[in-house]
Amino acid sequence: METLKVERHDGVVTVTMSRREKKNAANETMWRELAETFTAVERNDQDRVLVLTGAGGDFCSGADLAGMREDALRYMADAGEAARTLHALTIPTIAKVDGVAVGAGWNLALGCDLVVATDRARFSQIFVRRALSVDMGGSWLLPKLVGIQKAKEIAFFGDMYSAAEAAELGLVTRLVTADELDDTVDAMARRLVDGPAQALSLAKQLLDASAEGGGMEAALRREAHAQANNINGDDAKEAKAAFLEKRAPVFRPGAAAAV
């Protein structure tokens, strides 16, 4: 790949955005490669957890405006497909953030299930400073995460937030030092890989569907369908056997059912 580095190790697939000279700003090629990679990950039963990160001490400085083509609508369709395929992943996803995560870069991080950031990370919905509006799903993600008024403040002013400020807003899952970042993400990913794949996937789908609306009755119907799949699946049988035998369960990789 031209703009990404993709590594796989024991169920964890790490996708590293790699345009160091641009602080990993995304061009047309990166948007396409991200969408292609996320689609391939979703189809690979051996990929249990995805980690998204950036090279060279930065996560992503947003879209590369210098490389934006005149066909803006088509460009945004490519960028939107990267956001859509990331959101559509049914495995757990972790954003591993150091340095800057601004504009589309911040919204890529927020599109992950969990965000682990160093205390030197910086965040901004910088769009308005470039006479642009929020994209990459930010208009959908931010109100759900921080409420509509705070989302408007973040978007209207485009201020830079420290990692501590972002964590206080609930936009960072775990805040660590730079020296702790690798070990923390590795440990989280390993716990998820060792967990029951179907139950984790269904839990993610249930929570995402709830965030999209539909009310309690719809949630209960989705939960019943998911739990029936779990109860009849191999992971639940292994968990029960392990409990009775007083040992740790050993779960096998496998495709998860859909809610």
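What you are looking at is a predicted structure, and each value in this text was computed from that prediction instead of being measured.

S.K.: Quick one: what's the story with the pattern of salt bridges, residue by residue and with numbers?
M.R.: Per the counting criterion, the structure on display carries 15 salt bridges. A salt bridge links Asp98 to Arg120, with the nearest nitrogen and oxygen atoms 2.7 Å apart. Of this pair, Asp98 sits in the loop between β4 (93-97) and β5 (100-102) while Arg120 sits in the loop between β6 (114-118) and β7 (122-124); the two residues are 22 residues apart in sequence, bridging distant segments of the chain. Accessibility expressed as a relative area gives 11% for Asp98, which makes it buried. When salt bridges with common partners are traced through the structure, they connect Arg19, Lys22 and Asp64 into a single cluster.

S.K.: Can you explain the nonpolar core? Please cite residues and give values.
M.R.: One recurring pattern in soluble globular proteins: nonpolar side chains tend to sit buried together. Core analysis: the biggest nonpolar cluster contains 45 residues, and Trp31, Leu34, Leu50, Leu52, Phe59, Val97 and Phe123 have the highest contact counts within it. Residues Val12, Val176, Leu181 and Met188 belong to the second largest nonpolar core, which totals twelve residues.

S.K.: I'd love a proper account of the sheet that holds strand β2 (residues 12-17), names of residues and values included.
M.R.: Spatially, six strands are ordered β1-β2-β3-β4-β6-β9 in an open sheet, and the strand pairing comes out mixed. Strand pairing shows two members of the sheet lacking a second neighbour, β1 (4-9) and β9 (174-176), which therefore form its edges. The average undirected angle you get between the axes of adjacent strands in this sheet is 20°.

So, how was this worked out
Residues numbered from 1 in each chain as written. Predicted model: local features only at pLDDT ≥ 70, side-chain atom pairs only at ≥ 80, totals over all residues. Heavy atoms only, no water. Salt bridge = Lys/Arg side-chain N within 4 Å of Asp/Glu carboxyl O. Helix = DSSP H or I, 4+ residues; strand = E, 2+ residues; numbered from the N terminus. Buried < 20%, exposed > 50% of the residue type's maximum accessible area, 1.4 Å probe, protein only. Core = buried A, V, L, I, M, F, W, Y, C linked by side-chain atoms within 4.5 Å. Pairing = 2+ DSSP bridges. Axes fitted to C-alpha atoms, helices over the stretch in contact; angles between N-to-C directions.

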